[in-house]
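Secondary and tertiary structure notes
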Amino acid sequence: MNSKTAFQDSDRAVSPVIGVILMVAITVILAAVIGTFVLGLGDSLGNSQPTAQLNVDNTNFTSGSVTIAHGGGDPLEGNDLQVTADGNVTSEQFDAGQFTVGETQQITDNTNITEGARLRIIHEPSDSIIFDRTL
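Remember, it's a predicted structure, so these values are computed and weren't measured experimentally. (Residues numbered from 1 in each chain as written. Predicted model: local features only at pLDDT ≥ 70, side-chain atom pairs only at ≥ 80, totals over all residues. Heavy atoms only, no water.)

Some remarks on the sheet that holds strand S7 (residues 104-108)
- Reading across the sheet, the 3 strands line up as S1-S2-S7 and stay open at both edges, with antiparallel pairing between neighbours. What marks the edges here is a single partner per strand, and that holds for strand S1 (52-60) and S7. Averaged over all pairs of adjacent strands, the angle between strand axes in this sheet comes to 25°, irrespective of strand direction.
- Alignment of strand S2 (residues 65-73) against S7, held across 5 bridges, turns out to be antiparallel. (Pairing = 2+ DSSP bridges. Helix = DSSP H or I, 4+ residues; strand = E, 2+ residues; numbered from the N terminus. Axes fitted to C-alpha atoms, helices over the stretch in contact; angles between N-to-C directions.)

Observations regarding the pattern of salt bridges
- Per the counting criterion, the structure on display carries 2 salt bridges.
- Across the pair aspartate 132 and arginine 118 runs a salt bridge whose closest N-O atoms are separated by 2.7 Å. In this pair, aspartate 132 sits in strand S9 (residues 128-134) while arginine 118 sits in strand S8 (residues 118-123), placing the two residues 14 residues apart along the sequence.
- The partly exposed category is assigned to arginine 118, whose relative accessible area is 39%.
- Of the charged contacts, one joins arginine 120 and aspartate 132 as a salt bridge, the two residues approaching to 3.4 Å between their closest N and O atoms. You can see arginine 120 sitting in strand S8 and its partner aspartate 132 sitting in strand S9, a full 12 residues away along the chain.
- When its relative accessible area of 34% is taken as the criterion, aspartate 132 is described as partly exposed.
- It is possible to trace a salt-bridge network through shared partners that takes in Arg118, Arg120 and Asp132. (Salt bridge = Lys/Arg side-chain N within 4 Å of Asp/Glu carboxyl O. Buried < 20%, exposed > 50% of the residue type's maximum accessible area, 1.4 Å probe, protein only.)

Looking at the side chain of threonine 90
- Along the chain, threonine 90 turns up in the loop between strand S5 (88-89) and strand S6 (98-99).
- Exposure remark for threonine 90: the relative accessible area of 3% places this residue in the buried category.
- Those residues in contact with threonine 90 that sit more than four places away from it in its chain are Val83, Thr84, Ala85, Ile107, Asp109, Asn112 and Ile113. (Contact = heavy atoms within 4.5 Å.)

As for the pairing of strand S4 (residues 81-85)
- With respect to burial, S4 is a largely interior element, 4 of its 5 residues being buried.
- As paired elements, S4 and S8 share 5 bridges and run antiparallel to each other. Following the sheet pairing, threonine 84 is matched in S8 by arginine 120.
- Here S4 runs beside S5; their pairing, made up of 2 bridges, is antiparallel. In the strand pairing of S5, alanine 85 is matched with asparagine 88.
- Here S4 hands over to S5 after 2 residues, with aspartate 86 in that stretch at a positive phi of 55°.

Structure below.
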């Protein structure tokens, strides 16, 4: 048996198989790179939601007032916040300026702030709810 001719027959399928494996690998790597770029780009668009720990310090249903305390997290810009009670925008909103850790803000609305009302504070630039509590 000739050793040269014995191995020549088995080498014919190696090149197409390696080519297919390389094409699949390139496709997978290209998809991963494009996916990472697209998902990473989506995170940087728009305004990000602030992180803050807000609590209800005091509620007076007879006067329709609630006191919100900033317990920790990012400082909030008062003009960026909208207060709603049961889906209705309250007549009084946060004061202009920063609402920082340790500060309190009293919101009064005789019509909407009642016992059992759902109070929400919405960060308008990011359109996200940062506080949601039933009184």
